[in-house]
Structures are given as structure tokens and as C-alpha cells.
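In case you want the letters, here they are:
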Amino acid sequence: MSRSVELLKKRYLKNIKENPNLFIGIELEYPIVNLEGKATNGEVVKDLFRYLPSVLGFTIEKVDDFGNPIQLLDPVSQDTILFEVAYTTIEFAFGKAESIQEVEERFNFYMATIQNKLGEANHAIVGCGIHPNWDKNENCPVTYPRYQMLMAYLNLSRSKTSRDLHDFPEYGAFICGSQVQLDVSRSNYLRVINAFTQIEAAKAYLFANSEFSGADWDTKISRDIFWEESMHGIYPENIGVNARLFKDEADFFDYLNHSAIFTAERDGETYYFYPIRAKDYLGTPEIHAFALDGEEILLYP
């Protein structure tokens, strides 16, 4: 077994139990829009995050470089409300639950509270996969290292790589998505992954809501194009539906071993670089990387 596969197995399998209690985890992302059709007012949404702890009982878990709250946590339910990449996108990341219905109840309460507050400034959350005013917003990342790194990494596409990529590297600031996590066991996780691979296309079409006005893309699932024709799609194992059903654990980890790494942390600093497959990463003597300020440095895996 290669060292990279050994590390991937440790990372992916160490928390999977043989007989877990079955919980569901749900994450939902939404645009925050200015109802006058103008750019979203950053001060309005930052003020919302200063307001919510006092009415919801959440604690401030993370702040940006200027001390503005960007991630709030309910210590009881473990629900989190945060900005996703940009100040124009809000995410609800719910703590583990036994049923969707209990998540729905909390979500409805949060949504009513937030919509009332945003309404005072003629803003609102809307249920779109693409921010309706994407072309009016600044589309800048939250001033927090992970988001700054992500946007800077996507912007590497402007230097033109070996394949044609779209012209919207700032898309991370205006696309929205949803995720569902289900508990699996060591004995069934591959079967679950294969099952979801087979229903992914139907799910994407049934719930498509990401029509994009900025390009001639005849689809309502443009979110796929944004991912697949960006720096994330340099290697196909990093995007889209799994290319095959996995025969066994070795097959699955071989697939993961072909996915790419593009960021690393050293001494509390975040760096990014052109993607390197996991199987090649440890054997690379040195990597030309970039700091968040654009400075070039050498990293050693």
C-alpha cells in the first residue's frame, strides 16, 4: 500500500463506526439579495450577523480579519449559520438530527427571524442556485484565509492552463448548493456511495435551479459547468459524479488517490498551488506555491 493511500484511508475511515447511530446532517446555502435589484449591501449582512447572537442565543465562533462575525454556533443543537465564501451568501449547517422534520422546524424559525431583520433594509434571502445580482456584487471573498485562498486558487485559471476554462473564476462568490450527510458503517459505505452515484443525475435535474444569465449555457444546472470548467476540474476525480461504481475498497481509494491537492498550511499560514494528484504529492521534492498576498514560495510536502 502506498503512503498516500495509507494516509487517505486514515483520513476517510478513522471516524466511521461499524454500527453507528443513524443521523442526518444538512447544509443549505442561499443568496442574500438587495430587493431593489442593486448590489447586496455588505454592511446590511454584517449587521445581521452581529444581531443574530442576541436573538437566537448563538455564540460567535469565527470572525473575519476586521472582527466581524462570520460564523455563529448554537451550543445546544450545534447548528451553524455562516457566510459561504462571500458576504452575499448565507449557509445553514445543521447539527446532526434524527429526522429531516426537526431540522425543518429550526430552519423555519431561523429563516423567519433573518428575513424580518433583512427586510428592514429591503434585503432578503432567496431560493436561487446563482445569486440573481451576481454581476452587480463585488464577488470578493470573506476576509478569512480559507475563503481568500479558494478565490485566489480559482483565479489561477486566468493564467490559462492546458485546457479551456470558463471566464468566471469569481463564481465561488455567487453559486449556492446543498449537501446532505448520512451516517454509514464500515460494511456499507461503498454500497451507499455507489447508490448515490446512480441517482445523482436524476437528483440534479429534478432540483435544478442554477440558470446563469452571463453566458450562453442552455442549462439550469450551470453550477456543474462552474465547477467542471474551473481550476477544480483540472482532474476529473475532483468534480462531478464518480466516473464508475467502485468494486471494492481498493478501487475506491485508488480513485481518491487520483484526486488533487491544491492547498496546504504551514505555521498557521495558508498557501495554494496548481493541483497535484494525491498519489504524486508526497513524492514531489518541492512545490511552487503562493501566499494569500500573491508572494511565491517553495513548499515541501
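Report on the accompanying structure.

**Looking at the overall build of the protein chain**
Line of reasoning, step 1. Helix and strand content of the protein chain: eight helices and 11 strands.
Line of reasoning, step 2. Over its C-alpha atoms, taken along the principal directions, the protein chain stretches across nearly 60 × 45 × 45 Å.
Line of reasoning, step 3. Taking all 301 residues of the protein chain together, 45% fall into the buried category.
Line of reasoning, step 4. Expressed as a percentage of contacts within the protein chain between residues at least 6 apart in sequence, the contacts between residues at least 24 apart total 59%.

**Details of the nonpolar core**
Line of reasoning, step 1. Counting 55 residues, the largest nonpolar core has Ile81, Ile90, Phe92, Ile114, Ile125 and Phe226 as the members making the most contacts within it.
Line of reasoning, step 2. Counting only elements with at least two residues in this core, the list comes to β1 (24-34), α2 (42-56), β3 (69-73), β4 (80-83), β5 (89-93), α3 (100-119) and α4 (145-154).

**Describing a negative patch on the surface**
Line of reasoning, step 1. Side chains of Asp267, Glu269, Asp293 and Glu295 sit close together on the surface and give a patch of like negative charge.
Line of reasoning, step 2. Following the sequence through the fold, Asp267 ends up in the loop between β8 (260-266) and β9 (269-277).

**A word on the sheet that holds strand β10 (residues 287-291)**
Line of reasoning, step 1. Strand order across the open sheet formed by four strands is β8-β9-β10-β11, with antiparallel pairing between neighbours. At either margin of the open sheet sits one strand with a lone partner, and together these are β8 and β11 (296-299). Across this sheet, the average inter-strand angle for adjacent strands is 35°, counted without regard to direction.
Line of reasoning, step 2. Pairing of β8 with β9, which is carried by six bridges, proceeds in the antiparallel orientation. Directly across from Glu265, in β9, lies its bridge partner Thr270.

**A look at α2**
Line of reasoning, step 1. The end-to-end C-alpha distance of α2, which contains 15 residues, comes to 21 Å, matching closely the 21 Å that a straight helix rising 1.5 Å per residue would cover.
Line of reasoning, step 2. A bend of about 30° at Arg50 is the largest found in α2, and the proline Pro53 appears one to four places after it.
Line of reasoning, step 3. Val44, Val45, Lys46, Leu48, Phe49, Leu52, Pro53 and Leu56 are the residues of α2 that are buried.
Line of reasoning, step 4. You can read the cap of α2 off the contacts: a side-chain oxygen lies 2.9 Å from the backbone nitrogen of Glu43, and it is on Asn41.
Line of reasoning, step 5. One or two steps after α2, the chain reaches Gly57, where phi turns positive at roughly 80°.

**Here's the deal with a nonpolar patch on the surface**
Line of reasoning, step 1. Nonpolar side chains collect at one region of the surface, where Val180, Leu182, Phe196 and Ile199 lie side by side and expose about 360 Å² of accessible area between them.
Line of reasoning, step 2. Those elements that place two or more of their residues in the nonpolar patch are β7 (178-182) and α5 (189-206).
Line of reasoning, step 3. The topology assignment puts Ile199 in helix α5.
Line of reasoning, step 4. Of the residues examined, Ile199 reaches a relative accessible area of 42% and is grouped as partly exposed.

**Quick notes on the packing of helix α1 (residues 3-13) against helix α7 (residues 249-257)**
Line of reasoning, step 1. Put simply, α1 and α7 touch, their axes get as near as 10 Å, and they point 105° apart. By the angle class used here, α1 and α7 are roughly perpendicular. Contacts from Ser4, Val5, Leu8, Lys9, Tyr12 and Leu13 of α1 reach α7 at Glu249, Phe253, Leu256 and Asn257.
Line of reasoning, step 2. The class makeup of the residues in the contact of α1 with α7 is six nonpolar, two polar and two charged.

**Looking at the side chain of Glu91**
Line of reasoning, step 1. Within the element layout of this structure, Glu91 appears in strand β5.
Line of reasoning, step 2. At 8.9 Å, Arg223 is the nearest oppositely charged side chain to Glu91, a buried residue that forms no salt bridge.
Line of reasoning, step 3. The residues touching Glu91, leaving out its near neighbours within four places in the chain, are Glu27, Leu28, Glu29, Thr80, Ile81, Leu82 and Glu84.

**Structural notes on the pattern of salt bridges**
Line of reasoning, step 1. Applying the stated criterion across every chain yields a total of 16 salt bridges.
Line of reasoning, step 2. Between Glu170 and Arg158 there is a salt bridge, with the nearest N and O atoms lying 3.7 Å from each other. Here the residue Glu170 occupies a position in the loop between α4 and β7, and Arg158 occupies one in the loop between α4 and β7, the gap between them amounting to 12 residues.
Line of reasoning, step 3. One salt bridge in this structure joins Glu249 and Arg186, with 3.8 Å as the shortest N-O distance. Placement of Glu249 in helix α7 and of Arg186 in the loop between β7 and α5 is noted, with a sequence separation of 63 residues between them.
Line of reasoning, step 4. Relative accessible area serves as the criterion here: at 23%, Glu249 is assigned to the partly exposed category.
Line of reasoning, step 5. Since its relative accessible area comes to 36%, Arg186 is described here as partly exposed.
Line of reasoning, step 6. Through salt bridges with shared partners, a single ionic network connects Lys9, Arg186 and Glu249.

Thresholds applied
Residues numbered from 1 in each chain as written. Predicted model: local features only at pLDDT ≥ 70, side-chain atom pairs only at ≥ 80, totals over all residues. Heavy atoms only, no water. Helix = DSSP H or I, 4+ residues; strand = E, 2+ residues; numbered from the N terminus. Buried < 20%, exposed > 50% of the residue type's maximum accessible area, 1.4 Å probe, protein only. Contact = heavy atoms within 4.5 Å. Core = buried A, V, L, I, M, F, W, Y, C linked by side-chain atoms within 4.5 Å. Patch = residues over 30% accessible without salt bridge, like charges linked within 9 Å, V, L, I, M, F, W, Y side chains within 5 Å. Areas by Shrake-Rupley, 256 points an atom, 1.4 Å probe, with all protein chains shown as cover. Salt bridge = Lys/Arg side-chain N within 4 Å of Asp/Glu carboxyl O. Lys, Arg positive; Asp, Glu negative; His and termini not counted. Charge placed at Lys NZ, Arg CZ, Asp CG, Glu CD. Pairing = 2+ DSSP bridges. Axes fitted to C-alpha atoms, helices over the stretch in contact; angles between N-to-C directions. Expected span 1.5 Å × (residues − 1). Bend = angle between axes of the 7 residues up to and from the residue. Polar contact = N/O pair within 3.5 Å; in protein donor to acceptor, adjacent residues only side chain to side chain. Parallel < 35°, antiparallel > 145°, perpendicular 65-115°, else oblique. Nonpolar A, V, L, I, M, F, W, Y, C, P; charged D, E, K, R; others polar.

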